[in-house]
Number of protein chains: 2
Amino acid sequence: MATLYDIAVAAAINILTAFAFFIAFAILRIQPCNDRVYFPKWYLKGLRNSPLSSGVFVKRFVNLDFRSYLRFLNWMLAALQMPEPELIDHAGLDSAVYLRIYWTGLKIFVPIALLAFSIMVPVNWSNGTLEHSGLTYSNIDKLSISNVPTGSPRFWTHLVMAYVFSFWTCYVLKKEYEIVATMRLHFLASERRRPDQFTVIVRNVPSDPDESVLELVEHFFLVNHPNHFLGFQAVYDANKLFKLVDEKKKMHNWLDYYQLKYVRDPSKRPTLKTGYLGLLGNRVDAIDFYTSNIERLAKEISVEREVIANDTKYVMPAAFVSFKTRWAAAVCAQTQQTRNPTIWLTEWAPEPRDVYWENLAIPYVALAVRKLISGVAFFFLTFFFMIPIALVQSLANIEGIEKAVPFLKPLIETHFIKSIIQGFLPGIALKIFLIFLPSILMLMSKFEGFISRSALERRSAARFYIFQFINVFLGSIITGTAFQQLNSFIHQSANDIPKIIGTSIPMKATFFITYIMVDGWAGVSGEILRLKPMIIYHLKNFFTVKTEKDREEAMDPGSLSFNTGEPQIQLYFLLGLVYAVVTPILLPFIIVFFGLAYVVFRHQIINVYNQEYESAAAFWPDVHMRIIVALVVSQLLLMGLLSTKQAAQSTPLLIALPVLTIWFHFFCKGRYEPAFVRYPLQEAMMKDTLERVREPNLNLKGYLREAYFHPIFKAGDDDSEMDEANEVEMVQKPELVPTKRHSRRHTPMSSIGSDAPLLNQPAPNL
Amino acid sequence: MATLYDIAVAAAINILTAFAFFIAFAILRIQPCNDRVYFPKWYLKGLRNSPLSSGVFVKRFVNLDFRSYLRFLNWMLAALQMPEPELIDHAGLDSAVYLRIYWTGLKIFVPIALLAFSIMVPVNWSNGTLEHSGLTYSNIDKLSISNVPTGSPRFWTHLVMAYVFSFWTCYVLKKEYEIVATMRLHFLASERRRPDQFTVIVRNVPSDPDESVLELVEHFFLVNHPNHFLGFQAVYDANKLFKLVDEKKKMHNWLDYYQLKYVRDPSKRPTLKTGYLGLLGNRVDAIDFYTSNIERLAKEISVEREVIANDTKYVMPAAFVSFKTRWAAAVCAQTQQTRNPTIWLTEWAPEPRDVYWENLAIPYVALAVRKLISGVAFFFLTFFFMIPIALVQSLANIEGIEKAVPFLKPLIETHFIKSIIQGFLPGIALKIFLIFLPSILMLMSKFEGFISRSALERRSAARFYIFQFINVFLGSIITGTAFQQLNSFIHQSANDIPKIIGTSIPMKATFFITYIMVDGWAGVSGEILRLKPMIIYHLKNFFTVKTEKDREEAMDPGSLSFNTGEPQIQLYFLLGLVYAVVTPILLPFIIVFFGLAYVVFRHQIINVYNQEYESAAAFWPDVHMRIIVALVVSQLLLMGLLSTKQAAQSTPLLIALPVLTIWFHFFCKGRYEPAFVRYPLQEAMMKDTLERVREPNLNLKGYLREAYFHPIFKAGDDDSEMDEANEVEMVQKPELVPTKRHSRRHTPMSSIGSDAPLLNQPAPNL
C-alpha cells in the first residue's frame, strides 16, 4: 500500500511534468514560426497577421526578446482576464458553458474540501483502529473512514457530512442550471439574427402519388401555417457529390505537393507509380497524372450537380422550412402537424454548421430499429469488449506472428525486438481499442440517426461516460472484467452490491489519486502543448504550403470535443463525490485538476480552438444529470460501507438522501429543462416586435436564402455559380394554394389549377 | 391440493351463483317500479318515460306479462347489438374504449388458449414426472409445466410458445392502439363543436404589482397571441360558497322529508332535537327549523357571491383562455409561453365536466413537493399497510372493547355475540381498509394536484394496480406481507428473485382459478344486479320523493369507475399472460371473465351508467403500458422457472424477449402516444376551415361564454341570475393593448392609457 510519502513523490513527479510542459509551451508559443499553432483562433477571426512576413530573417522564426521568456506564466492571467460576455461573443456559448463545468467543479469541491479537512480528517485521524488491527496500513488510510472503529458513534459525523455535501452540491447545481438556462435564453433571443431562429426542420415528408416532395412541403405549410410560411430549402442527397469533391480536393493537395517539389528542383520532373500505395504499377509523370485526374473529377462533379438539380429522386423527404417570424417558427417547432406522429416531424433546425446532413432522410421505423440495434451493440461493447481483445492478444504473440509472416522470423528472433513485442503487444491491443473507442461510439451515434452534430456528440458522451463508469470506476474497484462484474452482480442481492463496492472504496483511494495525477494533471498540461498539431503543421508547411491561403488550411485549430472531454470531467465529479466522505485526502487532487483544466481550456478556447457548431449549451441537462447520478452513486456506496461498519442505525437516514436527490433532479428537470428543448413564445414575440420596429424593410427571404444549403453546394469550390434567377419569392397570397391533386384531400379553397406558378422555387441554386 | 374435480365443483357453484344473479336481474329489471334503477341512462337522455304514471295500479309496480319472463337472457343480445359508432354517440368515447379493454382481452387470450390447448397441454400431459416423483399432485398439475421432467428437450415447446404468445399479444396491442388513436382523433375533430376544442387552461399566472390577474391574463395573451385571442374566463375560489350551497341542499332534503311526513300525517307536526345527531338538545318544530336555516343560508350565499364577484382576492391565478380557432388553441396548448417554465403554464382545458376546480391554483413548487410526499406516502401505504391494521386487530379483541366501553360488558359476554366478535373482528379491519383503499388513493391523487377528474382517476388506477400487483399477485405467490417480501428481495440476488417467484407460480394455479371465479365471475354478475342502488332508490322513493324531479334526483345511475375497474382487469391480463405458458388450464376461466364482463358492462353502459366526464380515451396509453408490463413480468418469471428446470440453454433466447417487448413499447409510445397528449395542427386547421365556410356568422364568443363557469355559479341553484349585461365582448383591435403599467415591460405599441375600456370583462356573471 502506498504511504503518504509515495503519494508525495508521485505528486512531485507529476507536478514537475506539468511544469515542464508549461515551460515548453511558454517557450514554443512565443516563437513566431509557431504562431499559427498556438493562436489559430485569432487568425480565423482575421485579427492577427502572420509575423513571418516582416522583420529580420531569424527573428521571423525565433523569438530573441529575452524579457518575454521571463513572463512565461503570464498566459494564465491573460486567459482569466477576458470577461464571460466577451468570451461568449468570441468563442460562442457552447465553449463558455463548457468552461462552467470546470467552474462548477471548483464551486462544489472547494467548500467541501475545506469542511472535510476541518471536521472529518480530525475525526478519522484521532482513532486507533488501524494501529491496533495488526493490518498493514498507510498514513493515507489513517485519514480515511477505515480508521474509525466498527460501530463507533463517530459515524454520525460522516452521516451529517453526507447530508451537508449533498445539499451543497444540489444547491450549486441548481444555481448553475439557473444561470446556464438564462444564458441560453439570452443567447437565443440576442440581438444578432440567426437563420435557425426562423427555421424549422421537417422530416419524414410522406410520399404522395400526385405531388413531388417540393410541392407537397410547400402546400402543406401554406395550408397549415397560413400568413406565417415564408419559404423552404429542400434537402438533396449529395453524398456521392460529396465524395467526388472530397477526392478532387485530395488530388489538388498532391498536385500542389508535386508542383512545389518541381519548383524547388526544376531539374527533375516528379514521377509516381499508379498502383497500390504508390508501390506498384507504371511510373507516370505526377503533375500530368493529377492534372488530368482533377479535370476528370471536375467534369464528373458538374454532371452530378446537374443530375441532382434535375432529378427528383435526389430530393430527400426532408426540408428546412422558414417562417416570417420567430413566433411562427417557435409554434411550428413545438407542435404536432398531423394525425400520424411519425410523418411531418418538425423540430428546431440546428444551426447550419451543426446539421449532420447524412441522417436527414431516415424514416421513423428505421430510426426505432436502429436505436434498438445500437443499444444492444453498446451493451455488448461495454460488457464484452475484452473478448475480441483477448483474442487478438492470444494471436499477437511471437509464435503467431512468425507463423503469419515467416519471412520476418530472423528479425523477430533478435533479442531486443522480441522483448519489445512480448512486453508491449498484449497491452497494445487494449490501448488501441481505448484510443478508438470515442470514434466507435461516434459511429454508433451516427448510425442511430441524430440529425445534428451536437446531438451526436451528446449521445457519444453519454455512452462514453457509461463505459468509463463501468470499466474504469467499477472495474478499478472490483477487479475483473465488466462481464464478470455483471455476472456477479446478477448473483448478488441488491443489498450486497453497494456493500461490496462500498467496502473496497477506501482501499482504492491511492490508486485513484495516481490516476487523477497521470490522466488529469498530465493530460491537461499536455493539451496546452499541442504537440501533434504542431508537428503536422510544420510538416505541411514544409511540404505543400505555397500561398498564404494554403498556410491557413494547414493550420489545425481543433475544437472542444464534448464527446471525450465531458465524460472525463464527469469521472472526476464521481470520484470527488464518492471520496468526499470516505477519504477526503483525494479532494485536493481533484481541485487542482479542475483549476488547472479551467485555466488551460479557457486559454485554448480564447486562442486556439475553432468552434465547429453552436448548440447554445444544449448539453447542460446531460451534465447536470450525470453529476446527480454521481451524487446518488456516492450516497448508495456510503450506505453500503456504513452498513458493514455496524452503523446500521444510519441506514434509514441515508435512504432519504437518494430519494431527495432524485426528487431534486426531477424538480430541476421540470423547472429548467424546457429552456433547452423549447423556445418560449413571449421571447420570440418580443424579438419579432422589436425587429419589426427597427428594420421594417428587412429582406428576411434574402437573409435566409442560402443559410441551409448543403455545404457542398455553397462554398469551398470555385466553379459553383449561384443562380440568382432562381431566387425564392416572397409568398404574397397565402390563401390561394395551387395544387396538382384532384381535390381528394382538403385545401382551404378550391385549387386554382396546376398552371399557376409555383410560389416557391426551391431548386438548389447550383 | 385441489383436484380437477374440486375445481369443477367450485366452477359449478360459481356458475350457478352467476346464473342466479342473472335470473334475479331478469326478473327485477322488467318490474316497472325498478325501471329507474335499471334504465336510468335513458331517463337522463329524456328518451324514456316513467311507466308508473299510467295503467292499472298493480301493473304499475309488478310486471304481469309472463312472456317477458321467458326471454330473460335477451338483454345480452340487446347489449351486443348497438354498433360502436352509435355507442360512442350514446355514451361517449371513454365508455366505448373502456369496453375495448375487455375486447382486447378476448382477442389476446382466445387464440392463445386454442394454441395452448392444442400444443402445450398434450406436451405437458404426456410426461410422467409427477407420477414417479412420489409427491402429492393433482390432475391440474399434470396439465402444467411441473409435469415436464427437469432438463427435458420438451421445454423448447414452451420457449417457442412464449415467443408466439408475446408476438401475438404485441400484435393485438399495436392494432388496438392504432384503432383507439384513430377513434380519439376522429372524436376530437368530429363535427360537434365542443368548448374544450377552443380553450386552453393557463395556470400559475404570476402576481404583478401593477395589474390584477384579470388584466394580466388579458394583456399577456393579446400580446403573445395577437389575432387569435378571443377571451377568457377567470377562476374563482368558490370553495366556501360550494360548502354553503351544499349545506343548503341538504337542509332542503330534510325539509322535503318532514313536509312529506306532515302531509301524510297532518295530525302531528314533526319535531326534532337540534343537538348531536338528533339525540340531544331542545325539541323544535322541524319544518320551521329547516325553513329558517335555509333562509339564513340563502342570505349567506348571496353575500358570499357578492364578495367573490368584487374582491380580487378570490380570483385565482388561473384562467380558461379561449381562442378564435382550434388551430390557435392547439398552438397555445402545445407551446411554452415564457422563459420561466413554471409560470404561464398552458395545457388543453379538460372538458368542463372534467375540471377538478379545487386544484387549479397550486403553484409549481408546491406541486413538486406534493408529488414527493404522495410518492413516499404511497410507498409506505403499499409496504406497511399491515402495521396499522395489525394494531387495530390487536386492540379490537374482547378485552380491549370491554375496557373501552365497560357498560357494554354484559352484552359482549353473551356467547353468540362473543363468537361473532372473535371470529370477524380481526378480519374486518383488513376488509374495511381494502374497501376504502380506492378512496384513499383518490384522496392522495387529489392532494397531488391534478386538475381534471380523468387524470385523478388515471393516477389512482395506476397506484391501485401497483398495490394489487404487490399485495395480491406477489402476496399470493410468496406468502408474507409486502414488507417481508421487500426485505427478502433486497437480500436476494437479481437472479434469484424470478427463480423464487417462477417456481411457486405453477403451485398457485388452483388458488388463482378460484380467485378468478369468485372475484371475477361473481363480481361481474353482481354488478348487473345493482342491489345497493336499487335499495337506496326505493328508500328515497318512499321517504323524500314528492315530484317527478325528486324522483329524477333519487335515481343513482353511477358511472364506470376507471380507478377501480381497470386495475382489476389488468390483474386478469397479468394472470393470463403469466399462466399461458405455465398452466394453460387457467386461460378458459379468464376468457369467461372477459366475455361475461364485456357483455355486462356493455349493457350497463347502454342502459345504466351516466357518463361523468369525457376524456376522449386519454387512459389508453396507461392500459397499453400495463399490459406490456404484465407481458414482461410473465417473460421474466418464465425465465426464472426454466432456469430451475435445468433448461439453461434457453436463457439467452428468453432474455431477448423482454428486450424486444420493451423496445416495442417505446416504439408504440413514439408512434401513437402523441395522439393522446397533443393535437395535430392539420386536423385543427381542417376543422376551422370547414366551419368558417359552413357557419360564417357563428357567434363563438356566445358559445363559449358560460362553458367554463364554476358549476356553482352556473346551475342547480334557482336564485342565480345570469347578468347578461356583463357579456364578454369580441376583441376587435388586437394590436392595441391597454395597460395600467408604466411601460416598464414590453408591449407591442405604447399603451393607450388606463381609461380605455377593458375589452374583456370576465366578472363571474352571477
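What you see is a predicted model, and the numbers here were worked out from it, not measured in a lab.

### Quick word on the overall build of chain A
- When its secondary structure is counted, chain A shows 35 helices and six strands.
- Relative to its 766 residues, chain A shows a buried fraction of 51%.
- Counting only contacts in chain A whose residues sit at least 6 apart along the sequence, the fraction spanning at least 24 positions is 80%.
- When the accessible surface of chain A is summed, it comes to about 35,000 Å², and 64% of that surface belongs to carbon and sulfur atoms.

### So, the sheet that holds strand β5 (residues 315-323) of chain B
All names here are of chain B.
- Taken in spatial order, the four strands of this open sheet run β2-β5-β1-β6, and their pairing is antiparallel. At either margin of the open sheet sits one strand with a lone partner, and together these are β2 (229-236) and β6 (345-348). Strand-to-strand, the axes of this sheet are offset by a mean angle of 30 degrees, without reference to chain direction.
- Bridge count between β2 and β5: seven bridges; the pairing is antiparallel. If you follow Gly231 over to β5, its bridge partner there is Ser322.

### What about empty space enclosed by the protein?
Residue and element names in this part refer to chain B.
- All told, the structure shown has nine cavities of 30 Å³ or more when counted by the stated rule.
- In this structure, the largest cavity encloses a volume near 230 Å³.
- Residue lining of the largest cavity: 19 residues in total, with Asp94, Ser95, Leu560, Gln611 and Tyr613 positioned closest to the centre.
- Contributions of two or more residues to the lining of the largest cavity are made by α8 (93-125) and α22 (453-477).
- Among the residues making up the lining of the largest cavity, the classes are represented as eight nonpolar, six polar and five charged.

### Focus on the relation of the copies chain B and chain A
- For the pair chain B and chain A, the superposition axis carries a translation of 0.0 Å, the fit reaches an RMSD of 0.1 Å, and the rotation angle comes to 180 degrees. The superposition operator between the copies reduces to a two-fold rotation axis. Taking C-alpha positions as reference, the residue of chain B nearest the rotation axis is Ser493(B), located at 1.7 Å.
- Mapped onto chain A, 100% of the interface residues of chain B are again interface residues, and the two copies thus contact each other with one and the same surface.

### Some remarks on the side chain of Asn359(A)
Residues and elements named next belong to chain A.
- With respect to the helices, strands and loops of the structure, Asn359 is situated in the loop between β6 (345-348) and α17 (364-384).
- Here the side chain of Asn359 touches Lys446 through a polar contact of 2.9 Å, landing on its backbone oxygen.
- When neighbours within four sequence positions are excluded, Asn359 is seen to be in contact with Arg203, Lys446, Gly449, Phe450 and Ile451.

### Observations regarding the confidence of the model for chain A
Residue and element names in this part refer to chain A.
- Mean pLDDT for chain A: 77, with 80% of residues reaching 70 or above.
- This stretch, residues 715-736, has a pLDDT under 50; its non-local contacts, to residues over four places away or in other chains, come to 44 contacts.
- Segment residues 743-766: pLDDT under 50, and 56 contacts once partners within four positions in sequence are set aside and those in other chains are kept.

### Quick look at the packing of helix α11 (residues 155-188) of chain A against helix α31 (residues 651-672) of chain A
Residues and elements named next belong to chain A.
- At a minimum axis distance of 11 Å, the contact between α11 and α31 shows a crossing angle of 5 degrees. Considering their axes alone, α11 and α31 lie roughly parallel with respect to each other. Mapping the contact onto sequence places Trp156, Leu159, Ala162, Tyr163, Ser166, Cys170, Leu173, Lys174, Tyr177, Glu178 and Ala181 in α11 and Leu653, Leu654, Ala656, Leu657, Thr661, Phe664, Phe667, Cys668 and Tyr672 in α31.

### Focus on the pattern of salt bridges
- With the rule as written, the count across this model stands at 22 salt bridges over all chains.
- Glu347(A) is paired through a salt bridge with Arg203(A); the nearest N and O atoms lie 3.1 Å apart. With Glu347(A) in strand β6 and Arg203(A) in strand β1 (residues 199-203), this pair connects stretches of sequence that are 144 residues apart.
- Since its relative accessible area comes to 9%, Arg203(A) is described here as buried.
- The residue Arg296(B) makes a salt bridge to Glu300(B) at a minimum N-O spacing of 3.0 Å. Remark: Glu300(B) and Arg296(B) occur in helix α15 (residues 286-310); sequence separation between them is four residues, near one turn of the helix.
- The exposure class assigned to Arg296(B) is partly exposed, which follows from its relative accessible area of 38%.

Basis of the calculations
- Residues numbered from 1 in each chain as written.
- Chains lettered and ligands numbered in written order.
- Predicted model: local features only at pLDDT ≥ 70, side-chain atom pairs only at ≥ 80, totals over all residues.
- Heavy atoms only, no water.
- Helix = DSSP H or I, 4+ residues; strand = E, 2+ residues; numbered from the N terminus.
- Buried < 20%, exposed > 50% of the residue type's maximum accessible area, 1.4 Å probe, protein only.
- Contact = heavy atoms within 4.5 Å.
- Areas by Shrake-Rupley, 256 points an atom, 1.4 Å probe, with all protein chains shown as cover.
- Pairing = 2+ DSSP bridges.
- Axes fitted to C-alpha atoms, helices over the stretch in contact; angles between N-to-C directions.
- 1 Å grid on protein atoms, 1.4 Å probe; cavity = no way out; pocket = protein on both sides within 12 Å on 5 of 7 lines; lining within 4 Å.
- Points joined across faces, edges and corners; volume = space filled by probe spheres on them.
- Nonpolar A, V, L, I, M, F, W, Y, C, P; charged D, E, K, R; others polar.
- Least-squares fit on C-alpha atoms with pLDDT ≥ 70 in both.
- Polar contact = N/O pair within 3.5 Å; in protein donor to acceptor, adjacent residues only side chain to side chain.
- pLDDT = per-residue confidence, 0-100.
- Parallel < 35°, antiparallel > 145°, perpendicular 65-115°, else oblique.
- Salt bridge = Lys/Arg side-chain N within 4 Å of Asp/Glu carboxyl O.

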